[in-house]
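Listed below are the residues making up each chain.
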Amino acid sequence: MAAQIGFIGLGIMGRGMATNLINAGYEVTVYNRTRAKAEELQTMGARVADSPADAAAHGDIVFTMLADPPAVKQVILGHQGVIEGLKSGAILIDCSTVDPETTASVRKAVEAKKARFLDAPVAGSKDAAAKGELILMVGGEPETLEEAKPVLDVISKKIIHAGPSGSGTMLKLCFNLVVSHMMAALSESLVLGTKAGLSPQTIIDTLMTGVIGSRFYEWKGSCVLDRDFTTNFSLKLMHKDLSLISSAGYSLGTALPVTAAVKELYAVAKGLSNPDEDFCSVIKALEQVAQVEVKRS
Ligand code: NAP
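Residues numbered from 1 in each chain as written. Predicted model: local features only at pLDDT ≥ 70, side-chain atom pairs only at ≥ 80, totals over all residues. Heavy atoms only, no water.

## Remarks on the packing of helix α9 (residues 167–195) against helix α12 (residues 235–252)
It is at 9 Å that the axes of α9 and α12 come closest, and there the two elements cross at 120°. Between α9 and α12, the angle falls in the class oblique. The handedness of the crossing between α9 and α12 is left-handed. From α9, M170, L173, N176, L177, V179 and S180 reach across to α12, where they touch M238, D241, L242, L244, I245, A248 and L252. Residues that form the contact of α9 with α12 fall into these classes: 10 nonpolar, two polar and one charged. (Axes fitted to C-alpha atoms, helices over the stretch in contact; angles between N-to-C directions. Helix = DSSP H or I, 4+ residues; strand = E, 2+ residues; numbered from the N terminus. Parallel < 35°, antiparallel > 145°, perpendicular 65-115°, else oblique. Left-handed = near helix turned anticlockwise from the far one by under 90°. Contact = heavy atoms within 4.5 Å. Nonpolar A, V, L, I, M, F, W, Y, C, P; charged D, E, K, R; others polar.)

Pasting the structure below:
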């Protein structure tokens, strides 16, 4: 068992992940920009750090679970950041969804400290994080992954080694490309059908009958019908991911025409409603145009 773990970023996902590590018996030092969220975990046995550097200094394995590339750069590379405290030989595991350039700059800084790095963004939302059932998409050296595996097993039900450093980040962007499109397609279908007088529940049930059936449609469809937009994954973070996906497409010279349209739909929705609500609230923008509300009849 790794003696000590540092955990930085106690938002919707990080809170559940850190709690599972504490409950598994690890000695966990936590840091969060909004200190009150870290102090909640103090009552469960965590030590609260005064800075990311302080949390990193107390970790043989250090996790970061932060919103976006600016947050990751600030918290890891910035003043009193993780790099300042990271021990030689430690493993930094960044679970945030970021772009390949951010992952590469973090890896470079980690290696300069003679420490090791894994990019390990996650699939699965708030519930999966709380239950320790995330899917991890990992980039990095297989030996480093092997060493971290007992700790990663606490927070996940499946670990996918995508390839060398940066591959986890890229795989996650490919994954969320599909998720964002699925929600956009479901939303358009529900708004069109409802406006035409169909039962939205019938649309969802029909989607579930054949080979295209996905628990995702059932889950997010129910949330829409119940008008429950409680945040599992925010609209603003899905828009962030679509922006990262588009930039990756530009860098790699691939055309992402459908993603471009989907990204702009999320941008409109973010502007029209609450960007902190769940990303299934993207449907509200389409409802506004159609002047119809998709709900349980
Ligand atoms: P969240 O609830 O918004 O939490 C974001 C975390 O980042 C908080 O700890 C926040 O601190 C911190 N943060 C943001 N900007 C910062 C800055 N400039 N400096 C320092 N700390 C900063 O987000 P989340 O849903 O947990 O998502 C975390 C990451 O996981 C994101 O990259 C997201 O794309 C990815 N992800 C999320 C889900 C999901 O379903 N939620 C699923 C898969 C992947 P404060 O508490 O002080 O705001």
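## Side note on the domain arrangement of the chain
The domain boundaries assigned to the chain delineate domain 1 (4–165) and domain 2 (170–290). One C-alpha centre belongs to domain 1, the other to domain 2; they are set 28 Å apart. Taken together, the contact pairs 17 residues of domain 1 with 14 residues of domain 2. Between domain 1 and domain 2, the buried area comes to about 1200 Å², and carbon and sulfur atoms account for 71% of it. At the surface where domain 1 touches domain 2, the tally comes to four residue pairs in polar contact (both at pLDDT 80 or more). Put simply, the parts of the chain that give the side of domain 1 that touches domain 2 at least two residues each are α6 (100–112), β7 (122–123) and β9 (156–163). Here the residues of the side of domain 1 that touches domain 2 are counted per class, giving 11 nonpolar, two polar and four charged. (Domains from an automatic or database assignment. Buried area = accessible area lost by both parts, 1.4 Å probe. Polar contact = N/O pair within 3.5 Å; in protein donor to acceptor, adjacent residues only side chain to side chain.)

## Considering the site of the ligand
Around the ligand sit 24 residues in total, of which N32, T34, K37, S125 and N232 are the nearest. Contact with the protein chains hides 86% of the accessible area of the ligand, taken as 900 Å² for the molecule alone. Elements supplying a minimum of two residues to the shell around the ligand: α1 (12–23), α4 (69–77) and α12. When the residues that make up the shell around the ligand are grouped by side-chain class, the tally is 11 nonpolar, nine polar and four charged. The residues that make up the shell around the ligand include at least three from each of domain 1 (4–165) and domain 2 (170–290). (Near = heavy atom within 4 Å. Areas by Shrake-Rupley, 256 points an atom, 1.4 Å probe, with all protein chains shown as cover.)

## Some thoughts on the pattern of salt bridges
Under the defined criterion, the tally for this structure stands at 17 salt bridges. The salt bridge involving D153 is made with K149; its shortest N-O contact spans 3.0 Å. A residue pair is termed a helical-turn pair when its members lie 3 or 4 positions apart in one helix, as D153 and K149 do in helix α8 (residues 142–155) at four residues. Note on K149: relative accessible area 34%, which makes it partly exposed. The shortest N-O distance in the salt bridge between E293 and K295 comes to 3.8 Å. (Salt bridge = Lys/Arg side-chain N within 4 Å of Asp/Glu carboxyl O. Buried < 20%, exposed > 50% of the residue type's maximum accessible area, 1.4 Å probe, protein only.)

## Comments concerning the environment of A285
On the secondary structure map, A285 appears in helix α14 (residues 283–290). Look at A285 and you get buried, because its relative accessible area is 6%. Considering only alpha carbons, one finds A285 and A56, 229 residues apart in sequence, at a separation of 42 Å.

## Details of the packing of aromatic side chains
Here the structure, examined in full by the defined rule, presents four aromatic pairs. Seen from their ring centres, F216 and Y217 are 6.2 Å apart, and the 70° between their planes marks the pair as edge-to-face. Judged by relative accessible area, F216 falls into the buried class, the value being 14%. Among the residues examined, Y217 registers a relative accessible area of 13% and is labelled buried. Three or more aromatic residues link up through ring pairs in this structure, and these residues are F216, Y217, F233 and F279. The positively charged end of K220 is found above the aromatic ring belonging to W219, 3.9 Å away from the centroid. (Phe/Tyr/Trp six-rings, centres within 6.5 Å; stacked < 30°, edge-to-face > 60°. Lys NZ or Arg CZ within 6 Å of the ring centre and 35° of its normal.)

## Observations concerning the nonpolar core
In terms of nonpolar packing, the biggest core is built from 37 residues, with M183, Y266 and F279 touching the most fellow members. Among the secondary structure elements, those contributing two or more residues to this core are α9, α10 (200–209), α11 (215–225), α12, α13 (257–272) and α14. If you tally residues by element for this core, the top one is α9, at nine residues. Residue contacts for M183: discarding those within four places in its chain leaves F216, K220, V224, Y266, F279, C280 and V282. Within the second largest apolar cluster, 34 residues are counted, among which are M13, C95, A120 and L152. (Core = buried A, V, L, I, M, F, W, Y, C linked by side-chain atoms within 4.5 Å.)

## Here's the deal with unusual backbone geometry
Here the phi dihedral of Q80 falls at roughly 60°; this positive angle occurs in a residue that is not glycine. Considering the arrangement of structural elements, one finds Q80 in the loop between α4 and α5 (82–85). Of note in this structure, R227 is not a glycine but carries a positive phi near 55°. In this fold, R227 is placed in the loop between α11 and α12. Residue classification places R227 among the partly exposed residues on the basis of a relative accessible area of 24%.

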